Every structure is written in C-alpha cells, then in structure tokens.
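Here is how the chains run, residue by residue.
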Amino acid sequence: QVQLVESGGGLVQAGGSLRLSCAASGRTFSSYVMGWFRQAPGKEREFVAAIRWSGGGTYYADSVKGRFTISRDNAKNTVYLQMNSLKPEDTAVYYCAARYVVWSVSPNEYSYWGQGTQVTVSS
C-alpha cells in the first residue's frame, strides 16, 4: 500500500523559511516523479515543484523559482521542499504526490497523494 506522509508545515512570518518533508513507502519509486502541490482556501490545487527520483531533474512553478528548492534522499525515501523568503501568498495546504515516469503540472495526472500539511505565512 502506497503511503505519502507530509510533515514540516507551520506558522512563519513573511521572509522566513520552512522545510517540508514527504516520506514515501509501499513501493519502489525509482521510476516516479514526485511533486509538491498547494491549495489555498477557495482556490484550485496548483503545481509548486517536482523532482525525478532517478536522475534528480527538477521543475518549478514560476511563482516559487529562486525561493523554493525540491530535493530527495533516496536512502530515506523522502522528498523535501525547502521554502525560503516566504510570502503571505504562499499560505496553503501543501501536498506531496507521485506520478509514474512523466512529470506534469496537472494534479489530475498524479496517482498517489499525501494528506497535506498546512503552511501559514503571516505578514
């Protein structure tokens, strides 16, 4: 049974930093793309960043480029999202997701999802 478990969310002031973690289990993810998405109240879920387990290629939404960094630790089966220079508009529930082989910005194309972790950035 595939499980994705996010952690690391919280309340931070604007300009601060947080690191989210996504612990993956239940299958071999070497051929998967791991993505981070976020959803603010009243808004659609949107792509934030993605990384390939194998090779480590990364992709970012324009809104977070230069501020967020996605990485993975193969030994721990964990994906991270380092978020720096946080802004109030980054406030959302952040979700980890997995998709086989091909990366995508569409949440509908990801097969596995975590339960989400709340990030709140105060001004």
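Residues numbered from 1 in each chain as written. Predicted model: local features only at pLDDT ≥ 70, side-chain atom pairs only at ≥ 80, totals over all residues. Heavy atoms only, no water.

Participant: Which parts of the structure should I look at to understand the packing of aromatic side chains?
Facilitator: In this description, a pair of aromatic rings is defined by centroid distance and the angle of the planes. Inspection of the entire model under this criterion finds 10 aromatic pairs. Centroid distance Phe-29 to Tyr-32: 5.5 Å. Interplanar angle 70°. Geometry classified as edge-to-face. Each ring, one from Tyr-59 and one from Trp-103, has its centre 4.1 Å from the other, and the planes form 10°; the classification is stacked. Here Tyr-59, found in strand β6 (residues 58–60), pairs with Trp-103, found in the loop between β9 (92–100) and β10 (112–113); they are 44 residues apart in sequence, far enough to count as distant. In this structure an aromatic cluster arises from ring pairing among Phe-37, Phe-47, Tyr-59, Tyr-95, Trp-103, Tyr-110 and Trp-113. Seen from the ring of Tyr-95, Arg-45 lies directly overhead, with NZ or CZ sitting 3.8 Å from the centre. Across from the ring centre of Trp-113, 4.8 Å away, lies the NZ or CZ of Arg-45, which sits over that ring. (Phe/Tyr/Trp six-rings, centres within 6.5 Å; stacked < 30°, edge-to-face > 60°. Helix = DSSP H or I, 4+ residues; strand = E, 2+ residues; numbered from the N terminus. Lys NZ or Arg CZ within 6 Å of the ring centre and 35° of its normal.)

Participant: I keep staring at the sheet that holds strand β7 (residues 68–73) and nothing clicks. Help me out?
Facilitator: Strand pairing in a sheet relies on backbone hydrogen bonds. The paired strands run either parallel or antiparallel. Read from one edge to the other, the open sheet built from four strands follows the order β1-β3-β8-β7, with strand pairing classed as antiparallel. The two strands at the open ends of the sheet, each matched to only one other strand, are β1 (3–7) and β7. With direction set aside, neighbouring strand axes in the sheet form an average angle of 15°. The sheet contact formed by strand β3 (residues 18–25) and strand β8 (residues 78–83) spans six bridges and is antiparallel. Of the residues in β8, the one forming a bridge with Ala-23 is Thr-78. (Pairing = 2+ DSSP bridges. Axes fitted to C-alpha atoms, helices over the stretch in contact; angles between N-to-C directions.)

Participant: Is there a simple way to explain the side chain of Arg-99 in this structure?
Facilitator: As for its position among the elements, Arg-99 is in strand β9. There is a polar contact of 2.6 Å between the side chain of Arg-99 and the backbone oxygen of Val-102. Here Glu-109 takes part through its backbone oxygen, which lies 2.7 Å from a polar atom of the side chain of Arg-99. Setting aside its immediate chain neighbours within four residues, Arg-99 contacts Tyr-32, Val-33, Ser-104, Glu-109 and Tyr-110. (Polar contact = N/O pair within 3.5 Å; in protein donor to acceptor, adjacent residues only side chain to side chain. Contact = heavy atoms within 4.5 Å.)

Participant: What should I look at first to understand the pattern of salt bridges in this one?
Facilitator: When their charged atoms lie close together, side chains carrying opposite charge are able to pair. Counted according to the given criterion, the structure contains five salt bridges. Across the pair Arg-38 and Glu-46 runs a salt bridge, and its minimum N-O distance is 2.6 Å. Its relative accessible area of 6% is what places Arg-38 among the buried residues. Judged by its relative accessible area of 35%, Glu-46 is partly exposed. The shortest N-O distance in the salt bridge between Asp-90 and Arg-67 comes to 2.7 Å. Taken as a pair, Asp-90 in the loop between β8 and β9 and Arg-67 in the loop between β6 and β7 lie far apart in primary sequence, 23 residues in all. Take Asp-90 and Arg-67: they sit in the same class, and that class is buried. Several salt bridges share partner residues, and in doing so they unite Arg-38, Glu-46, Arg-67 and Asp-90 into one network. (Salt bridge = Lys/Arg side-chain N within 4 Å of Asp/Glu carboxyl O. Buried < 20%, exposed > 50% of the residue type's maximum accessible area, 1.4 Å probe, protein only.)

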